[in-house]
Amino acid sequence: MMILFFMELATRRVEVAGIAREANGLWMEQIGRHLTDADAGILRGKKYLIHDRDPLFTAKFVELLAVAGVESVKLPPKSPNLNAYAERFVRQ
């Protein structure tokens, strides 16, 4: 089971974007459309999305972000300390 969540670092607010038994690129594209929705998307008004190097963050997903004006920022490999707030949330 996979749970995809996003956290706003300024407020530590967490939004669950999706839950899937088996995630794939098509699922991520749909998540990307929801995230960047002009009326209700969680990334509305945001400039950056910091994420790990999971292959689910496909080129199409990154393209959807770019069209909405959100820059995709990949963390360096094997660097959990750079995403400490999300890592702490997951351990709870």
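For the structure, check the block above.
Residues numbered from 1 in each chain as written. Predicted model: local features only at pLDDT ≥ 70, side-chain atom pairs only at ≥ 80, totals over all residues. Heavy atoms only, no water.

**Observations concerning the packing of aromatic side chains**
What the rule picks out here adds up to two aromatic pairs. Between Phe5 and Phe89, the ring centres sit 4.8 Å apart and the planes meet at 55°, which makes this aromatic pair tilted. Within this pair, whereas Phe5 is found in strand β1 (residues 2-8), its partner Phe89 is found in helix α3 (residues 84-91), the two being separated by 84 residues in sequence. Judged by its relative accessible area of 19%, Phe5 falls in the buried class. Arranged with centres 5.5 Å apart and planes meeting at 65°, the rings of Phe57 and Phe61 form a pair that is edge-to-face. (Phe/Tyr/Trp six-rings, centres within 6.5 Å; stacked < 30°, edge-to-face > 60°. Helix = DSSP H or I, 4+ residues; strand = E, 2+ residues; numbered from the N terminus. Buried < 20%, exposed > 50% of the residue type's maximum accessible area, 1.4 Å probe, protein only.)

**What to know about the nonpolar core**
Grouped together as the largest cluster of nonpolar side chains are 15 residues, with contacts concentrated most on Leu4, Phe6, Met28, Leu35, Leu49 and Phe61. Those elements giving two or more residues to this core turn out to be β1, α1 (25-35) and α2 (59-67). A total of four residues in this core trace back to one element, the largest contributor, which is α1. Beyond its immediate sequence surroundings of up to four residues, Phe61 is in contact with Met28, Gly32, Leu35 and Leu49. (Core = buried A, V, L, I, M, F, W, Y, C linked by side-chain atoms within 4.5 Å. Contact = heavy atoms within 4.5 Å.)

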